[in-house]
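Descriptive analysis of the structure
Chain by chain, the residues run as shown.
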Amino acid sequence: MIEYNEKSRVFNITNGSISYMIYLNSEGILETIYFGKAIAPLTDVSALRKSNEWHDSSFTYDNVNKTEYKYSDGFKNNSAPLEIGSHGKYDKRHAPIVIKQANGSYETDFRYDSFVIYKCIKPLTELPHVRKGNFETIEFICKEKESNVYLHLYISIDLDKDIIIKSFKIENKEKNNIKILRAESLQLDLPSDKYDLIHFHGRWQNERNCVEEPLIDGIKEISSNYGRSSHEENPLVIIKEKETNNEYGVAIGLNLIYSGNFKFRAHVTSYKQTHITYGMNDEDFEWELKSGECFETPQAVISYSYNGIEKVSQNFHSFILYNLLSEKNKLPKRIPFNSWEGCFFDFDTKTVTDYIDDGAKIGTELFVLDDGWFGKRNLDNAGLGDWVVNKEKIDLHKIINHCKSKGIAFGIWFEPEMINYDSDLYRSHPEFVLSNADNKTISCIRHQFHLDFSNADVIENIYNQMKAFLDEYEIDYIKWDCNRIICEHYSNKYPSEKQGEIYHRVILGYYKLLSRICDEYPNILIEGCASGGGRFDLGTLFYTPQIWASDESDPAVRMEINYNTSIGYPLSTIGAHVNASPITNYKTKAILALFGTYGYEMNPNKLTKEEIDSLSEIADVYHKYHKSVIEEGTLYHLLDPNKSNWMAMQSVSIDKSVSLCVCMNRKKEWDRYRFLKLKGLKKDSKYLNSYDNTIQTGEYLMNIGINMSNEWCNEFDCRLIIITEQK
Ligand code: DGJ
């Protein structure tokens, strides 16, 4: 429910569980007055707004009346918690929106004009956004003090769970064009300096390491300028109170429905508050907003919990599953087999049909031919951009018919945003690449360039090629890869004054092509990918229900990647396969992949009888429980590999009748007493657990746990425990 009390001037945004309150001060500035567990609407906020007056020597000089004055109702113009800070004024905190007026002024100071309440959430026009749900929204319309530039602040609250969505729209009602220099999605001012930050730092094959650190005086920035959300930092961040742990205390998760450059900034100010801004990165950003035009920022998602970090996770999971993912571009449940790690570029028709036959022995239901099927692509140095089958290498019709004759679906790999300099497309359209103004030398990563997706002609060309292919071949799945970052970001399609728009326009182009393919082929499942998990973000998930999480598949490393990814994203979105990596055995790899999408990626010909048996055993569990427990269930993080020798996760079906638990240790375990306490079960029901085959009550399992002390746990030992209710 969202309501405004004219007397107290307080907007109360609540779902009965949390409240977000905003005070409209007499200067027309929106002060964030409360964000926390639901409380009755505040009617008198004067005590709450008091702060030390003595060191504030700032006044405003009225140059017309030649007088100096202080803000009327005690507003502290450099320290009050605000919804929209100003820029170029006395308040030196980072403002979420900065514009440059036609007269060259940088001053940006939005003041309240009006508001509208909606019983829904408003979709964005060009960007991925919340698709559906039980939301209420308030739109604050604010006007820049000295010009006719308007700012719309949207705050939506989910009435079913503790999720808040924020975004801005800038509207130019001036006669002249203006420049937007910064267009972030939220400002969030927290009342103290006693917070820790959790963020997910990484690199290729080692994505999303969980880093927890105190926010201390000064500025901490988590960002990407790689042209995509990146391996280096994920857009997911969590701010928590010092004493908060998994189950207790206040934690606030933030994420962005966007796949490009982003910037999270936490400033612990000299007044000991925490000033947060979050949204698109303003590095090399400058957007020309013509008279009469609007600019929308991506939606930021806030997950609030007063019951620890687990609840932040569960809110995000439920939000992604029920409010963000599309109903289309899904497949009935099928176990995929991907060709990449088995044969890389080295295959012909026979290799592939043999793979399909051998893959069938481990239960393959969807065969995916990865990189290497098109153009002159026999290595990574040629072919990208030429999306026609390399008929000298393979007979794709034969391969697909072979699959279909065995009842196996067929998928294919694309890397639509990329081009090799050794390709027909580059030879005929060298101007299609992102480059620099003189076009003499450009960074070449994996022998490839980034196509200029800000250019509609480029998108049209790639779209037509993909369409011709998809119309000719019966395709059930696409892996949409993206194997390099953006370095030079000059587009020869645009004049000099619009070069600051290119990073964002390229992402809009990515979304345009992706949405066109999704809409036209609603029955094709698309899996996102970017050299593993370099674009694991909510913007991509809006279109693709799953994303390949990392090119590292061995559980020795993957267990941490998957565990950490699952803090912000549901297990069903985490692309995970069993591969041939040497560190752990096949059963371990299969158990870990089960806590993701599950699939295979190796030379199936080389599997031993025992290996086939262990994969088949887990494939049975997949068919029996994956949908109800892993995909639709509630996830609990039991043991944190970032902090201990153990990793354990448990997912419980919605009706709490079945639960799967994975438990793995990194090195040999010496502790003499070890009990694994479960979560989310029915207290009074009896459950059989497959670890020691005993029957215990939910209460027992959640308070005492499964006794694992009697087992010698070696390095990377992994167990799958199936817990089933006994009626
Ligand atoms: C990077 C992906 O992450 C891999 O799985 C594979 O598809 C290669 N690209 C192919 O080039």
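Residues numbered from 1 in each chain as written. Predicted model: local features only at pLDDT ≥ 70, side-chain atom pairs only at ≥ 80, totals over all residues. Heavy atoms only, no water.

1. Observations regarding the packing of helix H2 (residues 309-324) against helix H10 (residues 555-568)
Short version of the rule: Convention adopted: a line fitted to C-alpha atoms gives each axis, helices being fitted over their contacting stretch, and angles between N-to-C directions are expressed from 0 to 180 degrees. Secondary structure follows DSSP: runs of H or I at least 4 residues long count as helices, runs of E at least 2 residues long count as strands, and numbering of each begins at the N terminus. An angle below 35 degrees is treated as roughly parallel, one above 145 as roughly antiparallel, one from 65 to 115 as roughly perpendicular, and anything else as oblique. Any two residues having at least one pair of non-hydrogen atoms within 4.5 Å are treated as being in contact. Throughout this entry, Asp, Glu, Lys and Arg are counted as charged residues, while Ala, Val, Leu, Ile, Met, Phe, Trp, Tyr, Cys and Pro are counted as nonpolar. The remaining residues, Gly among them, count as polar.
Between H2 and H10, the shortest axis-to-axis distance is 6 Å and the interhelical angle comes to 75 degrees. Taken together, the axes of H2 and H10 are roughly perpendicular relative to one another. Note on element contacts: H10 touches H2 through Ser566, Ile567 and Gly568, opposite Ser313, Phe316, His317 and Ile320. Of the residues that constitute the contact of H2 with H10, the class distribution is three nonpolar, four polar and no charged.

2. Focus: the domain arrangement of the chain
Under the convention used in this document: Start and end positions for the domains come from either an automated domain assignment or a database one. Buried area is calculated as the accessible area (1.4 Å probe) missing from two parts once they are joined, with the contributions of both summed. Here a salt bridge means any side-chain nitrogen of Lys or Arg lying within 4 Å of a carboxyl oxygen belonging to Asp or Glu. Under this definition, polar contacts are N or O atom pairs within 3.5 Å; protein pairs additionally need one hydrogen-donor-capable and one acceptor-capable atom, and for neighbouring residues in sequence, both atoms have to be side-chain atoms.
Its domain assignment divides the chain into domain 1 (2-324), domain 2 (334-632) and domain 3 (637-726). Computed over C-alpha atoms, the centres of domain 2 and domain 3 are 34 Å apart. On the domain 3 side, the residues contacting the 23 residues of domain 2 number 25 residues. Overall, the association of domain 2 and domain 3 removes approximately 2,100 Å² of surface from exposure, summing both partners, and the carbon and sulfur fraction of that is 77%. The largest contributions to the domain 2 side of the interface with domain 3 come from Met559, Tyr563 and Phe595, which together make up 33% of the buried area. At the surface where domain 2 touches domain 3, the tally comes to one salt bridge. The partner of glutamate 560 in a salt bridge is arginine 666, and the shortest N-O contact between them spans 2.6 Å. One can count four residue pairs in polar contact (both at pLDDT 80 or more) joining domain 2 with domain 3. The set of elements that each furnish at least two residues to the side of domain 2 that touches domain 3 consists of H10, helix H11 (586-594) and helix H12 (609-631). In terms of residues, the side of domain 2 that touches domain 3 owes the most to one element, H10, which gives eight residues. For the side of domain 2 that touches domain 3, the class distribution of residues is 16 nonpolar, five polar and two charged.

3. Digging into the sheet that holds strand E34 (residues 634-639)
What counts is decided by this rule: DSSP bridges decide pairing: two strands pair if at least two such bridges lie between them.
On the basis of which strands lie adjacent, the open sheet formed by six strands has the order E34-E35-E36-E41-E38-E39 and antiparallel pairing. The open sheet has two free edges, formed respectively by E34 and strand E39 (695-697), since each of these has just one partner strand. For this sheet the average axis-to-axis angle between neighbouring strands, irrespective of direction, equals 25 degrees. With three bridges joining them, strand E38 (residues 686-689) and E39 adopt antiparallel strand pairing. By the bridge assignment for E39, tyrosine 687 is matched with glutamine 696.

4. A few points about the pattern of salt bridges
Note the cut-off: Per-residue accessibility, obtained with a 1.4 Å probe over protein chains only, is compared with the maximum for each type, and a residue is labelled buried under 20%, exposed over 50%, and partly exposed between these values.
Considering all chains together, one arrives at 52 salt bridges under this definition. Between glutamate 107 and lysine 89 there is a salt bridge whose closest N-O contact spans 3.2 Å. With glutamate 107 in the loop between strand E7 (97-100) and strand E8 (110-118) and lysine 89 in the loop between strand E6 (67-69) and E7, the pair connects residues that are 18 residues apart, well separated along the chain. For glutamate 327, the salt bridge goes to lysine 132, with nearest N and O atoms at 3.4 Å. Separated by 195 residues along the polypeptide, glutamate 327 in the loop between H2 and strand E23 (336-338) and lysine 132 in the loop between E8 and strand E9 (135-144) bring together distant segments of the chain. For glutamate 327, a relative accessible area of 59% puts it in the exposed group. Under the relative-accessibility criterion, lysine 132 is labelled partly exposed at 35%. Connected through shared salt-bridge partners, Glu27, Lys89, Glu107, Asp109 and Arg111 make up one network.

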